[in-house]
Amino acid sequence: MENSAKKRIYLSSPTMHGEEQRFVAEAFDTNWVAPLGPNVNQFETEIAAYTGCGYAAALSAGTAAIHLGLKLLGVGEGDIVFVSSLTFSASCNPIVYEKAVPVLIDSEPDTWNMSPQALERAFEKYPHPKAVVVVHLYGTPAKLDEIMQICERHNVPILEDAAESLGSTYDGKYTGTFGRIGVFSFNGNKIITTSGGGMLVSKEEALVKEARVLSTQARDPARHYQHSKIGYNYRMSNVVAGIGRGQLMHLDEHLRLKRAIYQRYQEAFADMDEIAMNPMNPKGDANNWLSCITIEKNSKVTPDRIMDALEAENIESRPIWKPMHLQPVFAACEFFGHNEKEPSVSEDIFNRGVCLPSDIKNTDADMERVIGIVRGLFHR
Ligand SMILES: *Cc1c(COP(=O)(O)O)cnc(C)c1O
């Protein structure tokens, strides 16, 4: 086949099933084309029932959920907030929206998530941060026992950024339900999508109720439009929530398919010392949102070479998130490393890692194509 004729293989694109359109059609038929309505309420109830998170507020984006979550935890100007460095910028940006100060925490090598050692050291220097934002990268749960113990000892709340980890479990419970506040994302490439959207969840009903108020312009309960605080236009629309309801019916299926992709790569690279899969946490089940590899140090085959070779065959891949402490915009932020070594753990993962195509519509033949190209670069 000619190169140009080769089918595109995606990193992680939306997978729709049909039920989504039924719920969207219902919204149109009943003229609930608004940021309110039965799909929004049902989607919240269904996410709460699935995850056991307690209460849920459907919002326009995961980023909006993190922003409101920080506000609900009282984060304001000058406050320090600890946050995982190895993440997408949306974990960190809302801290700056509130003029608070992000302090970036390195990863540990076992799960690639927030290092409890680095967190301890951050607390030694800053004993009173306002909140700790913990990310479950690529769907692998962080070391929650250790992190929660440290945060409890210091009496600081956790905001769990579970944007990538809907459906992942730790200790038999879903990620997103451990922090005082949890956040999910339904962005286009996440494990289920509403095209764009997010959810703020908590066991504390009062927090979730307040999130709903803040997300709808913070109106006081009065007939006239009265406001006693600053609000936002962050609510999820009833049309979009319909997509979410249809997707949620297929979350278990998506989890099975994502796991099969991870296992296929694991099997395919099992005989190669040069390649390691992104780690799992033995205390839980990851949702395997993205399957990633790291290449051994000093290998001639770099992540760039792998991504170039895949792109030449019309296959989408992606670098590991560039850590926030290496971003120009956060260069002035303080960073606590897992150990004294250079590069830091997160930088090392970034330097040596690639996210491989993890689209659940990939066929066995698609997987073979990807695997063949990667192995071929190592002359296997
Ligand atoms: C996707 C993502 C977000 C943001 O979610 P949006 O719905 O895109 O706003 C936040 N944190 C992490 C780790 C993410 O991957």
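Quick note: structure is the one above.
Bear in mind the structure is a predicted one, so any value in this text is a computation, not a measurement.

## Thoughts on the site of the ligand
Part 1: Around the ligand sit 16 residues, and of these G62, T63, E164, S185 and K190 come closest.
Part 2: Between the ligand and the protein, one listed contact pairs an oxygen atom with a backbone N or O atom of G62 at 2.8 Å.
Part 3: Separating an oxygen atom of the ligand from a side-chain N or O atom of E164 is a distance of 2.6 Å.
Part 4: Protein contact buries 94% of the 390 Å² of open area that the ligand shows by itself.
Part 5: Sorting elements by how many residues they give to the shell around the ligand places helix α3 (residues 62-72) first, with three residues.
Part 6: Residues of the shell around the ligand, tallied by class, amount to six nonpolar, seven polar and three charged.

## Observations concerning the sheet that holds strand β6 (residues 169-170)
Part 1: Read across the open sheet, the three strands follow the order β7-β6-β11; overall the sheet is antiparallel. Edge strands, defined here as strands with exactly one partner in the open sheet, are β7 (173-174) and β11 (284-285).
Part 2: Examined bridge by bridge, β6 and β7 share two bridges and lie antiparallel to one another. When the bridges of β7 are listed, Y170 appears paired with K173.

## Section: the nonpolar core
Part 1: Ranked by internal contacts, the top residues of the largest apolar core, which has 35 residues, are F43, W112, Y138, F184, F186, M199 and I320.
Part 2: For this core, the secondary-structure elements that each account for two or more residues are α2 (38-51), β1 (55-59), β9 (198-202), α8 (238-248), α9 (251-268) and α11 (345-352).
Part 3: Looking at this core element by element, the count peaks at four residues for α2.
Part 4: Per-domain counts for this core show at least three residues from each of domain 1 (19-248) and domain 2 (251-378).
Part 5: Setting aside chain neighbours within four positions, we find W112 in contact with L86, S107, L137, Y138, N278, P279, C292, T294, I320 and I349.
Part 6: A64, V83, L159 and A211 belong to the second largest nonpolar core, which has 32 residues in total.

## So, the pattern of salt bridges
Part 1: The full count for this structure, using the stated rule, is 20 salt bridges.
Part 2: Of the charged contacts, one joins D110 and K143 as a salt bridge, the two residues approaching to 2.6 Å between their closest N and O atoms. With a gap of 33 residues between them, D110 in the loop between β3 (101-105) and α5 (116-125) and K143 in the loop between β4 (131-135) and α6 (144-153) connect regions that are remote in the sequence.
Part 3: K229 is the partner of E210 in a salt bridge, and the nearest nitrogen-oxygen pair spans 3.0 Å. Taken together, the residues span a long stretch of sequence, with E210 in helix α7 (residues 205-215) and K229 in the loop between α7 and α8 at a distance of 19 residues.

## Section: the pairing of strand β8 (residues 181-185)
Part 1: Among the five residues that make up β8, five are buried, leaving the element largely enclosed by the rest of the structure.
Part 2: By the alternation rule, side chains of β8 split into I181, V183 and S185 and G182 and F184, which are all buried.
Part 3: Both strand β5 (residues 158-161) and β8 contribute to a ladder of three bridges, which runs parallel. Within the sheet, the bridge partner assigned to D161 lies in β8 and is V183.
Part 4: Of the pairings in the sheet, the one linking β8 to β9 comprises four bridges and is antiparallel in character. Paired with V183 across the strands is L200, a residue of β9.

Reading the values: rules and limits
Residues numbered from 1 in each chain as written. Predicted model: local features only at pLDDT ≥ 70, side-chain atom pairs only at ≥ 80, totals over all residues. Heavy atoms only, no water. Near = heavy atom within 4 Å. Polar contact = N/O pair within 3.5 Å; in protein donor to acceptor, adjacent residues only side chain to side chain. Areas by Shrake-Rupley, 256 points an atom, 1.4 Å probe, with all protein chains shown as cover. Helix = DSSP H or I, 4+ residues; strand = E, 2+ residues; numbered from the N terminus. Nonpolar A, V, L, I, M, F, W, Y, C, P; charged D, E, K, R; others polar. Pairing = 2+ DSSP bridges. Core = buried A, V, L, I, M, F, W, Y, C linked by side-chain atoms within 4.5 Å. Buried < 20%, exposed > 50% of the residue type's maximum accessible area, 1.4 Å probe, protein only. Domains from an automatic or database assignment. Contact = heavy atoms within 4.5 Å. Salt bridge = Lys/Arg side-chain N within 4 Å of Asp/Glu carboxyl O.

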